[in-house]
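Structural overview for review
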Amino acid sequence: MLKIAHRGAKGYEPENTKAAFLKALDMQVDGIELDVQLTADGEVIVFHDDTLDRMTNGKGLVSAFKLAELYSFSIAEKHQIPTLQEVLDVVDTKCFLNIELKNTGSCSRVVALIEAAVLVKKWTYQHFIVSSFDWNALREISLLNPKIPIGVLTENNLDLALTFAETIQAKAIHPHYHLLDAENTKKIQDKGFLVFPWTVNETADIDRLKRYQVNGIITDYPDRI
Ligand code: G3P
Ligand code: CA
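All of these numbers come straight from a predicted model, not from anything done at the bench.

1. Some words on the overall build of the protein
Scanning the protein from terminus to terminus reveals eight helices and nine strands. Along the first, second and third principal axes, the C-alpha atoms of the protein reach 50 × 40 × 35 Å. Scored against the burial criterion, the 225 residues of the protein give a buried share of 44%. Put simply, 54% of the contacts in the protein that link residues at least 6 apart link residues at least 24 apart.

2. Looking at the site of ligand 1
Close to ligand 1 lie His 6, Glu 33, Asp 35, His 48, Glu 100, Ser 131, Leu 153, His 174, Trp 198, Thr 199 and Ile 218, which account for all nearby residues. Class assignment of the residues belonging to the shell around ligand 1 gives a composition of three nonpolar, five polar and three charged.

3. With respect to the UniProt feature "domain: GP-PDE" (unreviewed entry) in the protein
Per the UniProt record, the feature "domain: GP-PDE" (unreviewed entry) sits at residues 1-225. Helix makes up 33% of residues 1-225 and strand 19%, whereas the separation of the span's terminal C-alpha atoms amounts to 9 Å.

4. Let's talk about the packing of helix α4 (residues 107-120) against helix α5 (residues 135-144)
Contact geometry of α4 with α5 gives a least axis separation of 10 Å together with a crossing angle of 45°. Classed by the angle they form, the pair α4 and α5 counts as oblique. Relative to α5, the crossing made by α4 is right-handed. Together, Cys 107, Ser 108 and Val 111 of α4 and Ala 137, Glu 140, Ile 141 and Leu 144 of α5 make up the contact between the two elements. Within the contact of α4 with α5, the residues separate by chemical class into five nonpolar, one polar and one charged.

5. Topic: unusual backbone geometry
Look at Gln 28: it is not a glycine, yet its phi comes out positive at around 55°. Checked against the element boundaries, Gln 28 lands in the loop between α1 (18-26) and β2 (31-38). What makes Gln 28 exposed here is the crowd of 11 C-beta atoms within 10 Å. A positive phi angle, near 45°, is found at Ala 76, a position not held by glycine. Looking at the element boundaries, Ala 76 is found in the loop between α2 (67-70) and α3 (84-91). Ala 76 gets classed as partly exposed once you count the C-beta atoms within 10 Å, which come to 13.

6. A closer look at the pairing of strand β4 (residues 96-101)
Most of β4 sits out of view: six of its six residues are buried. The two faces of β4 match: Phe 96, Asn 98 and Glu 100 on one face and Leu 97, Ile 99 and Leu 101 on the other face are all buried. Here six bridges tie β2 to β4, and the two strands are oriented parallel to one another. Paired with Gly 31 across the bridge in β4 is Phe 96. Handedness of the β-α-β unit built from β4, α4 and strand β5 (residues 128-132) comes out right-handed.

7. Concerning the nonpolar core
In this structure, Ile 32, Val 36, Val 110 and Val 130 are the most contacted members of the largest nonpolar core, which totals 66 residues. Tallying contributions element by element places α4 first for this core, with five residues. Every residue in contact with Val 130, bar those within four places of it in the chain, is listed here: Ile 99, Leu 101, Val 110, Ile 141, Ile 148 and Ile 150.

8. Thoughts on the pairing of strand β7 (residues 172-175)
Here β7 shows no split at all, with Ala 172 and His 174 on one side and Ile 173 and Pro 175 on the other all buried. Once you follow strand β6 (residues 150-154) into helix α6 (residues 158-168) and on to β7, the crossover reads as right-handed. Note that β7 and strand β8 (residues 194-195) share two bridges and pair parallel. Along β8, the bridge assignment pairs Ile 173 with Val 195. Between the parallel elements β7 and β8, the chain passes through helix α7 (residues 182-190) in a crossover that is right-handed.

9. What about the packing of α1 against α3?
Contact geometry for α1 and α3: axes closest at 10 Å, N-to-C directions at 25°. In terms of orientation, α1 and α3 fall into the roughly parallel class. Crossing handedness for the pair α1 and α3: right-handed. Residue-level contacts link Lys 18, Phe 21, Leu 22 and Leu 25 of α1 to Glu 86, Val 87, Val 90 and Val 91 of α3.

What counts as what
- Residues numbered from 1 in each chain as written.
- Chains lettered and ligands numbered in written order.
- Predicted model: local features only at pLDDT ≥ 70, side-chain atom pairs only at ≥ 80, totals over all residues.
- Helix = DSSP H or I, 4+ residues; strand = E, 2+ residues; numbered from the N terminus.
- Buried ≥ 20, exposed ≤ 12 C-beta atoms within 10 Å, placed from the backbone.
- Contact = placed C-beta atoms within 7 Å.
- Near = placed C-beta within 6 Å.
- Nonpolar A, V, L, I, M, F, W, Y, C, P; charged D, E, K, R; others polar.
- UniProt positions renumbered as here; feature names shortened; annotations may be inferred.
- Axes fitted to C-alpha atoms, helices over the stretch in contact; angles between N-to-C directions.
- Parallel < 35°, antiparallel > 145°, perpendicular 65-115°, else oblique.
- Left-handed = near helix turned anticlockwise from the far one by under 90°.
- Pairing = 2+ DSSP bridges.
- Right-handed = clockwise from strand over helix to strand, strands pointing away.
- Core = buried A, V, L, I, M, F, W, Y, C linked by C-beta atoms within 7 Å.

Here you go:
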């Protein structure tokens, strides 16, 4: 049962910040889920929303800003939006990374960063799983580099996700946890896929999913697993 921190240890530190990732490592997670998107100048940053408004002291579309401009905004007064490369350096292979693509445009850049990490550092492809609700983006990743493990995200249709996972030879299905029961968990696993439900925060739900023997749980509170 793998313990996977959602946007870092989001329950304890501001999401998708270095502090949240360090907190997750303190909690001895097996993996960290994070969200990525492209800046106006083509850098891959770790940030969930389309706009700056909820999480930072800035306003407007994230994709309208260059990286240097984004560095001038703060999260909860003391954190900066990190780049994916900065997170790779902070995590330093201490756990695997579930990189969720929030926009299609980032595919080739994300693949290049993973390939560079594997080539020049001690990362391996097994330290990564790229996921997205945008299945076209997942198909693009699998075409760009079939060695990169893929997780198919779904909020509402397990069967469709399973069929798609077969076509791109994905590693895992990442369903909203409400979609799962003991029977369909086993069905997915019998077809050779891992099952990583999200975002499971209540102890009763965590216990139920443990009974289904899912392969890992994505949670804001890794210490509850
Ligand atoms: O990857 C699972 C989960 O993170 C998907 O939803 O909105 O938290 O990115 P969201
Ligand atoms: Ca996410």
